[in-house]
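Residue-level listing of the chains:
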Amino acid sequence: MASTKTHDYHILPPDPWPIIGATGAFALFGGAVMWMHDNPYGKFVSLGGLAIVIVTMFSWWSNTIKEAHEGHHTPVVSLHLRYGMILFIASEVMFFLAWFWAFFDASLFPSAVDAVGGQWPPKGIEVLDPFGFPLLNTLILLCSGTTVTWAHHALIHGDRDGLKKGLLCTILLGMVFTSIQAYEYVHAPFDFKGNIYGATFFMATGFHGFHVLVGTIFLIVCLVRANKGDFTPKQHFGFEAAAWYWHFVDVVWLFLFVSIYVWGGWGAPVHA
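Read on for a plain summary of the structure.

Parameters and conventions
Residues numbered from 1 in each chain as written. Predicted model: local features only at pLDDT ≥ 70, side-chain atom pairs only at ≥ 80, totals over all residues. Heavy atoms only, no water. Helix = DSSP H or I, 4+ residues; strand = E, 2+ residues; numbered from the N terminus. Buried < 20%, exposed > 50% of the residue type's maximum accessible area, 1.4 Å probe, protein only. Areas by Shrake-Rupley, 256 points an atom, 1.4 Å probe, with all protein chains shown as cover. Lys, Arg positive; Asp, Glu negative; His and termini not counted. Charge placed at Lys NZ, Arg CZ, Asp CG, Glu CD. Core = buried A, V, L, I, M, F, W, Y, C linked by side-chain atoms within 4.5 Å. Contact = heavy atoms within 4.5 Å. Salt bridge = Lys/Arg side-chain N within 4 Å of Asp/Glu carboxyl O. Patch = residues over 30% accessible without salt bridge, like charges linked within 9 Å, V, L, I, M, F, W, Y side chains within 5 Å. Expected span 1.5 Å × (residues − 1). Arc of directions from axis to C-beta. Axes fitted to C-alpha atoms, helices over the stretch in contact; angles between N-to-C directions. Parallel < 35°, antiparallel > 145°, perpendicular 65-115°, else oblique. Left-handed = near helix turned anticlockwise from the far one by under 90°. Nonpolar A, V, L, I, M, F, W, Y, C, P; charged D, E, K, R; others polar. Bend = angle between axes of the 7 residues up to and from the residue.

## Side note on the overall build of the protein chain
Counting its secondary structure elements, the protein chain contains 7 helices and 0 strands. The secondary structure elements of the protein chain, listed N-terminal to C-terminal, are α-α-α-α-α-α-α. By principal-axis analysis of the C-alpha atoms, the protein chain measures approximately 80 × 50 × 30 Å. Counting over 272 residues, the protein chain shows a buried share of 39%. By element, 72% of the accessible surface of the protein chain is carried by carbon and sulfur atoms, the whole surface being about 15700 Å². Distance from the positive charge centre (12 side chains) to the negative charge centre (17 side chains) of the protein chain: 11 Å.

Listed below in structure tokens is the structure:
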């Protein structure tokens, strides 16, 4: 006798991807540690783990999209998906808090850290001009926040052409941001190793750059799905999650620009 569904929850069938993904993550990070310790097999273990993680991400998210198309994402399930994305972004906030903490711990109390030398930025450090490329990148990210909001509003009002154009503009702006930051890194007047200013600068801004790259890929997937006809004004969590993530990246950059580029390099000689 067939059972009748009497609740709004989606009970997932048995799925192999959680254990496969966990195995891939273990191989990825375990292999990376082996690689760093010059183990001859570490590179292969790490790259194999990365391949498993990528396959898991694609397959698991494909299943989630399929469940949405089949009508399993009821209002209760959609609400819980949003809770999950909010908690993920909250964990990302804590991640960046650690890098800000490291930067401020060294910059606010330079006399307490021998490697700083009693002043901030440390003596002999030339800093990047905050009102050059960093300011340009700030304007680019602010514009990208506007274009992704344009895409969101277009989707809500059934304007699929506006959705696609807004997504495309946001993706292009994200690529320009990444290109400018890569150029900035190549021409930075300080190294990652050898001084605490470079270490804290590259860790904070570098991880932000990685998040911009991930967000750009996230939006590219949304654009591909939009071209395939996915997303409706009432059901578009995948796009909404990408938009939230992109706005988070924007806000983090504003804090980075003000605290690390402007305030953190104040008074130091500027690299020409």
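Read on for the rest.
## Quick word on the nonpolar core
With 49 residues, the main nonpolar core has L167, Y197, F201 and F239 as its most contacted residues. For this core, the elements supplying multiple residues, two or more each, are α3 (75-108), α4 (133-156), α5 (160-186), α6 (196-227) and α7 (237-263). Among the elements that make up this core, the one with the highest residue count is α7 (16 residues). Leave out the neighbours within four places in its chain, and F201 touches L128, E184, Y185, F190, G206, I260 and Y261.

## Re the pattern of salt bridges
This structure, assessed with the given rule, holds 3 salt bridges. Residues D161 and K165 are paired through a salt bridge, measuring 3.1 Å at the closest nitrogen-oxygen approach. One end of the pair is D161 and the other is K165, both in helix α5 and 4 residues apart, which spans about a single turn. Judged by relative accessible area, which is 45%, D161 ranks as partly exposed. We note a salt bridge from R225 to D230, for which the minimum N-O separation is 2.9 Å. Each member of the pair, R225 as well as D230, is classed as buried.

## What to know about a nonpolar patch on the surface
A surface patch of nonpolar side chains, about 410 Å² in accessible area, is lined by L168, L172, M175, I220 and V224. In terms of residue count, the dominant contributor to the nonpolar patch is α5 (3 residues). With respect to the secondary-structure elements, V224 resides in helix α6.

## Digging into helix α1 (residues 17-36)
Between its first and last C-alpha, α1 extends 28 Å over 20 residues, near the 28 Å set by a 1.5 Å rise per residue. Along α1, the residues that are buried comprise W17, G21, G24, A27, L28, G31 and A32. Along α1, the residues classed as buried sweep out an arc of 125° about the axis, all on the same side. Structural note: α1 exposes I19, F26 and F29 on the side pointing more than 90 degrees away from its buried face. Along its buried surface, α1 packs onto α2 (42-69). Phi turns positive, to about 60°, at D38, one or two residues after α1.

## Regarding the packing of α6 against α7
α7 packs onto α6 with a crossing angle of 160° between their chain directions and a minimal axis gap of 9 Å. Considering the angle they form, α6 stands roughly antiparallel to α7. Along this stretch, α6 crosses α7, giving a crossing that reads as left-handed. Its residues assigned to classes, the contact of α6 with α7 shows 20 nonpolar, 6 polar and 1 charged.

## Regarding the packing of α1 against α2
Interhelical geometry of α1 versus α2 gives an angle of 155° and a closest axis separation of 7 Å. Considered as vectors, α1 and α2 are oriented roughly antiparallel to each other. At the point where α1 passes α2, the crossing takes the left-handed sense. In terms of residue class, the contact of α1 with α2 is built from 15 nonpolar, 9 polar and 1 charged.

## Overview of α7
A rise of 1.5 Å per residue sets the reference length of α7, with its 27 residues, at 39 Å; its end C-alpha atoms lie 38 Å apart and thus fit the reference within 8%. By the largest-angle criterion, L256 marks the main kink of α7, which is about 30°. For α7, the buried fraction is high: 19 of the 27 residues fall into the buried class.

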